[in-house]
Amino acid sequence: MVKNLVIVESPAKAKTIEKFLGSEFLVRSSFGHVRDLTKKGLGVDIEGGFKPLYEISAEKAKIVSDLKRAAKEAETVWLASDEDREGEAIAWHLKEALSLKEDKIRRIVFHEITKNAILESVKNPRNIDVNLVNAQQARRVLDRLVGFEISPILWKKIKPALSAGRVQSVAVRLIVERENEIKNFMTVSFFRVVGVFEISNTFGTNTFQAELNIRFKTEEEAKTFLEKCISVTYSIASIDKKPAKKSPAPPFTTSTLQQEAGRKLGLSVEKTMQIAQQLYESGKITYMRTDSLNLSDMALGVAKKEIGKLFGPEYVKIRKYRTSTKGAQEAHEAIRPTYIENQDIDGDATQKKLYDLIWKRTIASQMSDAVLEKTDIVIDISSFVKEKFIASGEVIKFDGFLKVYIESTDDESLNGNSGTLPPMVVGEQPSLEEMQATQKYSQQPYRYAEASLVRKLEELGIGRPSTYAPTISTIQKRGYVVKQNKEGVSRSYKNFILKKGKIKEETKTEKTGYEKNKLFPTDIGTIVNDFLVQHFVNILDYNFTASVEKEFDEIAQGEKDWNEMIKEFYASFHPQVEKTLKTSERASGERLLGIDPASKKNVYVKLGRYGPMIQIGDTESEEKPKFAGLNKGQSIDTITLNEALTLFDLPRIAGKYENENITVGIGRFGPYIKLNNTFYSLGLKDDPYTVSEQRAIEVIEEKRKKDKEMAENKSKYPLKIGEYEGKEVLIAIGKYGAYLKHGIDNIPLGRSVKADSIDLQKAIESILSQKEKNTKKVIREFPGEERIKVLNGKYGPYISNGKENFKIPKGKNPGTLTFEDCSEIINKGTSSPAKKKPVRNKKST
DNA sequence: CAGTGAGCGAGCTTCCGCTTGACTT
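Residues numbered from 1 in each chain as written. Chains lettered and ligands numbered in written order. Predicted model: local features only at pLDDT ≥ 70, side-chain atom pairs only at ≥ 80, totals over all residues. Heavy atoms only, no water.

Novice: Give a detailed account of the overall build of chain A, specifying residues and quantitative values.
Specialist: Scanning chain A from terminus to terminus reveals 21 helices and 34 strands. Counting across all 845 residues of chain A, residues that qualify as buried make up 44%. Taking all contacts inside chain A whose residues are at least 6 apart in sequence as the whole, residues at least 24 apart take part in 66%. (Helix = DSSP H or I, 4+ residues; strand = E, 2+ residues; numbered from the N terminus. Buried < 20%, exposed > 50% of the residue type's maximum accessible area, 1.4 Å probe, protein only. Contact = heavy atoms within 4.5 Å.)

Novice: Describe the environment of Y570, with residues and values.
Specialist: Locating Y570 in the fold gives a position in helix α17 (residues 562-583). Residues Y570 and L145 lie 425 residues apart in sequence; the distance between their C-alpha atoms is 8.3 Å. Among residues more than four places away in sequence, those in contact with Y570 are I46, F50, L145, E149 and P575.

Novice: Report on the environment of Q429, specifying residues and quantitative values.
Specialist: Take Q429: it is sitting in the loop between β13 (388-398) and β14 (431-441). We classify Q429 as exposed; its relative accessible area is 56%. Between the C-alpha atoms of Q429 and I503, which are 74 residues apart in sequence, the distance is 22 Å.

Novice: Talk me through the sheet that holds strand β20 (residues 602-608); I want residue IDs and the actual numbers.
Specialist: Read from one edge to the other, the open sheet built from four strands follows the order β19-β20-β21-β22, with strand pairing classed as antiparallel. One side of each edge strand has no neighbouring strand; the edge strands of this open sheet are β19 (591-595) and β22 (626-629). On average, adjacent strands in this sheet sit at an angle of 25 degrees to one another, irrespective of strand direction. Bridge count for strand β21 (residues 611-616) against β22 is four bridges, and the pairing is antiparallel. By the bridge assignment for β22, M613 is matched with G629. (Pairing = 2+ DSSP bridges. Axes fitted to C-alpha atoms, helices over the stretch in contact; angles between N-to-C directions.)

Novice: Summarise the pattern of salt bridges; cite the residues concerned and give the values.
Specialist: Counted by the stated rule, this structure contains 54 salt bridges. For the salt bridge of K95 with E102, the shortest nitrogen-to-oxygen distance reads 3.5 Å. The class of K95 is buried, set by a relative accessible area of 15%. A salt bridge links K374 to E394, with the shortest nitrogen-to-oxygen separation between them at 3.9 Å. Of this pair, K374 sits in strand β12 (residues 370-381) while E394 is found in strand β13, placing the two residues 20 residues apart along the sequence. Through salt bridges with shared partners, one network takes in E86, R139, D143 and R166. (Salt bridge = Lys/Arg side-chain N within 4 Å of Asp/Glu carboxyl O.)

Novice: Give a description of the environment of A249 that names residues and reports values.
Specialist: Tracing the backbone through its elements, the reader meets A249 in the loop between β11 (234-246) and α8 (254-265). Each C-alpha atom of the pair A249 and A364 lies 7.7 Å from the other, and the pair is 115 residues apart in sequence. Residues in contact with A249, not counting those within four places in the same chain, are Y321, R361, S365 and E407.

Novice: Tell me about unusual backbone geometry, residues and numbers included.
Specialist: In this model, L650 is joined to P651 through a cis peptide bond whose omega is -5 degrees. Look at F31: it is not a glycine, yet its phi comes out positive at around 55 degrees. One can find F31 in the loop between β2 (25-29) and β3 (36-37). By relative accessible area, which is 44% here, F31 ends up partly exposed. Positive phi values are uncommon outside glycine, yet N659 reaches one of about 65 degrees. Examined against the element boundaries, N659 turns out to sit in the loop between β23 (652-657) and β24 (660-667).

Novice: So what's going on with the nonpolar core? Residues and values would help.
Specialist: By size, the foremost hydrophobic cluster in this structure holds 110 residues, and its most contacted members are L354 and L453. Take this core: its biggest share by element is ten residues, from helix α5 (residues 130-157). Discounting chain neighbours no more than four positions away, the residues touching L354 are L257, A261, L265, L267, T272, I275, A276 and L279. Core analysis: the next-biggest nonpolar cluster, separate from the first, contains 26 residues, A222, Y234, A391 and M435 among them. (Core = buried A, V, L, I, M, F, W, Y, C linked by side-chain atoms within 4.5 Å.)

Novice: Can you break down the pairing of strand β10 (residues 204-212) residue by residue, with the values?
Specialist: Where strand β9 (residues 189-201) lies against β10, eight bridges are found, and the strand directions are antiparallel. The residue bridging S200 from the neighbouring strand is T205, located in β10. Hairpin remark: β9 followed by β10, antiparallel, with two residues in the connecting loop. In the sheet, β10 pairs with β13 via two bridges, with the strands oriented antiparallel. Directly across from E211, in β13, lies its bridge partner I390.

Novice: Run through a nonpolar patch on the surface, naming residues and quoting values.
Specialist: Where nonpolar side chains cluster on the molecular surface, the patch consists of F203, I239, V425 and V426 and spans about 340 Å² of accessible area. Along the chain, V425 turns up in the loop between β13 and β14. V425 gets classed as partly exposed once you look at its relative accessible area, which sits at 43%. (Patch = residues over 30% accessible without salt bridge, like charges linked within 9 Å, V, L, I, M, F, W, Y side chains within 5 Å. Areas by Shrake-Rupley, 256 points an atom, 1.4 Å probe, with all protein chains shown as cover.)

Novice: Go over helix α19 (residues 693-716), please, and point to the residues and values.
Specialist: At 3.6 residues per turn, the α-helix brings residues three or four places apart onto the same side. Between its first and last C-alpha atoms α19 spans 35 Å; for 24 residues at 1.5 Å apiece the expected length is 34 Å, and the two agree. Those residues of α19 lying buried are R695, A696, I697, V699 and I700. (Expected span 1.5 Å × (residues − 1).)

Novice: Just give me the short version of the packing of helix α6 (residues 168-183) against helix α14 (residues 523-535), but keep the residues and values in it.
Specialist: Each pair of packed helices gets described by two things: the angle between the helix axes and the distance between those axes. Put simply, α6 and α14 touch, their axes get as near as 10 Å, and they point 110 degrees apart. The angle between α6 and α14 places the two elements in the roughly perpendicular class. Read as a crossing pair, α6 and α14 show a hand that is left-handed. Facing α6, whose interface residues are S169, V172, R173 and V176, α14 presents G525, T526, N529, L532 and V533. Of the residues in the contact of α6 with α14, the class split is four nonpolar, four polar and one charged. (Parallel < 35°, antiparallel > 145°, perpendicular 65-115°, else oblique. Left-handed = near helix turned anticlockwise from the far one by under 90°. Nonpolar A, V, L, I, M, F, W, Y, C, P; charged D, E, K, R; others polar.)

Structural data, given as structure tokens:
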């Protein structure tokens, strides 16, 4: 029996801490929150003074009952969840859910996972901070009220299954408004003048570039300036050298990691978090969901030693960073390598790359400033007063942290004036080699990428490190925004070149506006946003979160009653809900495109129940209107009358085959051909509007041939091809392509492998190579009991009976477990719950 | 699961933050 039970939030943390605390302590994990508001209904008893109605969800039931059992056996339960609002609430929920008596619990917190910090925290337990818990309850209830009262309005007024919330709706708003800015952006062009000069002096002959301090608005002005420059001289008016320095960026938080992984490695926010989680779980980095810039003293010490060793002591500068982020709760450290002395790690390519990024950023954050020397040279032009050429140069005198890491920017056009300038003296007269006046265009605002949206949300204090990635995926799942590329367009620009006293004029073209993986609002996103801004501008306000956070802080300080706060909020919010339900129009984004020349009826574009559509004729008229859905890539905002009318060309009859009509159309799954009620998908190569009868027949025949093959496969496979090690070897075809069956083992062959290309020889090769892969995984097998194995998992060894997995109890050596030991462990039944398969989305029929 | 789109309407959808082993057919 163990006297002490310690409960932390994450299993990986539990594993680490257990080592520090010794055998008197059993460390378990709660896997985050254990209770939440009821899934059904509002989950808040409004009449009963906004009392939250909590439940333990099905997936947490097992965790709670296990913890309950462990708590019963322990003398003292140490609640060691994070030291922030959510962590405090987790501790309180644990106390409630496990029915723990006040005198049995101790609340402890530690700021870093080191032996000292943990032992120290155990010496200084405190009570659960009720005020902090209440602040969390207020946060939770407010989010539920906002989300569950506004979303149903959208179902009624726009489309079913839509959603609104304090965080996601603001995220969508940012994207919609940015799109509007881009739409309303007026591009202006100007002429930038750059000269290439040659200077000959005691240091030799050198060339350098300088830019005119004035930009011309029109072609004429630019040309006139160049003409006047045919007969001028240039002289160095001043040389200004000044020292400058650059400092490293602070260590990574969740948000900055997502940004840099996006910019430098091209990873999506979700992918970044997945890889970071893997690194965390294998003990290579500290916790990846954090808003803290803090590094532990231990980490700083190791960083200092490493930098000194790798680059020399002059490169070391230990720094403490402080966060300026609104609402940061800093329960953890910044993201850093667990062992900073490990410059690289074992793992796959992406894991290595992400680790390298984290290592460099961490190391650089503790390195010296880079010392630069900036030079500005002003060149006078004879017969001009205001117009001057400026040459700028930048020389690195001491590289400091730049040796390791340079932070990227979203705006790559900020490539400043780097490089050296040749030596020269005031009064010297450089000669002009060439001067170019080039037409440039003002840059429209950038669309958000996933990571830059996260940065903006963080700036506004909206959302938390644990929710950035899920929020981004929610607004895409709801169809409010899409991540896509935008093709660049060609545009022409003028260029005037002055060389050897003559002016040449040329018109060139450039590609512009190409964007990759940016977030674009959809029609639904725009309509929902406009609706919400119109009716709930207070919730959609960029400062709404900040202002309620202030109130949560007051609750946490014990200066405000949380029920009072929610009551006040609801008193103004709920009438808004009622009013909107009663008075608002159905929002469909309807637009009149014009008149259909054939029927002389009105043509509208609007959002229907199944997405954007065109409607010919009015719903009020006697004759039923005609409808057609928009194609991919078209939008309510931009579709023209002509484009709309061609949508009615489908479905069309493309010809005849086997005495039946061939119909061509575009359906839910893209373009198709239909013959006799059977569908044949059209690939990207074929255009449904023009596809010929001949081609359609081809497609039908191809599909029939494939189907026939499939049917043959079904009767042919699984096919026995021989025996190996006394067990049958079969080839089978499954969901994931061809695979081998060898006894009870399944060996996947990969999608590209054709089943009929496998003979016994090849099959045995595959079986052997699979075995080799598995030897790393399988620790023990038992003859005659093929289903029961001891395996190496990500989180250590476990026993599998083919269906369920079982943890190996502490103190048992997985390498020497007997079959009887395994059976006993299995029979005790402390299996981890079977992983639930993701529920497929219900069809919207 | 591919001709839908108003209307009748049961019952469903939805929030934000914590955390999240392996075992395929």
